[in-house]
Amino acid sequence: MAAAIIFIGFSSDFFPQYMLGYLECRGRYAIYAPEFQVLNVMSSAGASVLGVGYLIPLVYLVWVDALRACGGTESLGAPKGLEWKTPSPPPTENFEETPIVTEEAYAYGTEETRVAIAATPPWPTIRRS
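Computed from a predicted model, the values in this text were never measured in an experiment.

**Notes on the environment of F95**
Tracing the backbone through its elements, the reader meets F95 in the loop between α2 (34-71) and α3 (111-119). For F95, a relative accessible area of 26% gives the class partly exposed. With 13 residues separating them in the primary sequence, F95 and L82 have C-alpha atoms 9.7 Å apart. Filtering out sequence-adjacent residues up to four positions away, F95 remains in contact with L82, K85 and T86.

Below, the structure is given as structure tokens:
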């Protein structure tokens, strides 16, 4: 969503500036000539949309950081894999002793789907008729 807003804001900001340069409008005037006024207003509006597009990820980043501060990583619903079992910052060797990996965070689906996935060959099968 934010990427689309940034794209729209960037396009509506810099395309009118390109057109103004092509029409030989000089920059940095307090009052532009009437024929250039519409393109300058479009460029200013595009800059506002571009700013909103950059503000959306920033708000999301602050919101997620606040969630982490309130409840740690558990409140985000993240899987409990090995990356969550090491302290922060991690020591030089990551773990004091080598962990034993079980299916704790890596068991997805039911037993039937895991058996079906394990039985599927890693290459595509070609059926000739």
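**Comments concerning the side chain of S43**
Within the secondary structure, S43 sits in helix α2. A polar side-chain atom of S43 sits 3.0 Å from a polar atom in the side chain of D13.

**Some remarks on the packing of aromatic side chains**
Across all of its chains, the model carries 3 aromatic pairs by this definition. Judged by centre distance (4.7 Å) and plane angle (50°), the ring pair of F10 and F14 falls under tilted. In this pair, F10 and F14 both sit in helix α1 (residues 2-22), 4 residues apart, roughly one turn of the helix. Look at F10 and you get partly exposed, because its relative accessible area is 45%. A residue is classified by how much of its surface remains accessible, and F14, at 35% relative accessible area, is partly exposed.

**So, the side chain of N40**
Take N40: it is sitting in helix α2. Dropping the residues within four chain positions of it, N40 is found in contact with L20 and Y32.

**Observations regarding α1**
Taking 1.5 Å of rise per residue, 21 residues should cover 30 Å, and α1 covers 30 Å from first to last C-alpha, within 8% of that figure. Listed as buried for α1 are A2, I5, I6, G9, D13, P16 and L20. End-on view of α1: buried residues confined to an arc of 130°, all on one side of the axis. Exposed side chains of α1 directed beyond 90 degrees from the buried face belong to A3, F7, I8, F15, Y18 and Y22.

**A look at a nonpolar patch on the surface**
Side chains of L55, L58, V59, L61 and V62 sit close together on the surface and give an oily, nonpolar patch of about 490 Å² of accessible area. Here L55 lies in helix α2. We classify L55 as partly exposed; its relative accessible area is 46%.

**A short note on the environment of S12**
You can see S12 is positioned in helix α1. By relative accessible area, which is 25% here, S12 ends up partly exposed. Sequence separation between S12 and A45 is 33 residues; the distance between their C-alpha atoms is 7.6 Å. If we ignore the near neighbours within four places in the chain, the residues touching S12 are M42, S43 and G46. From its side chain, S12 meets the backbone oxygen of I8 in a polar contact 2.8 Å long.

Procedures and definitions
- Residues numbered from 1 in each chain as written.
- Predicted model: local features only at pLDDT ≥ 70, side-chain atom pairs only at ≥ 80, totals over all residues.
- Heavy atoms only, no water.
- Helix = DSSP H or I, 4+ residues; strand = E, 2+ residues; numbered from the N terminus.
- Buried < 20%, exposed > 50% of the residue type's maximum accessible area, 1.4 Å probe, protein only.
- Contact = heavy atoms within 4.5 Å.
- Polar contact = N/O pair within 3.5 Å; in protein donor to acceptor, adjacent residues only side chain to side chain.
- Phe/Tyr/Trp six-rings, centres within 6.5 Å; stacked < 30°, edge-to-face > 60°.
- Expected span 1.5 Å × (residues − 1).
- Arc of directions from axis to C-beta.
- Patch = residues over 30% accessible without salt bridge, like charges linked within 9 Å, V, L, I, M, F, W, Y side chains within 5 Å.
- Areas by Shrake-Rupley, 256 points an atom, 1.4 Å probe, with all protein chains shown as cover.
- Salt bridge = Lys/Arg side-chain N within 4 Å of Asp/Glu carboxyl O.

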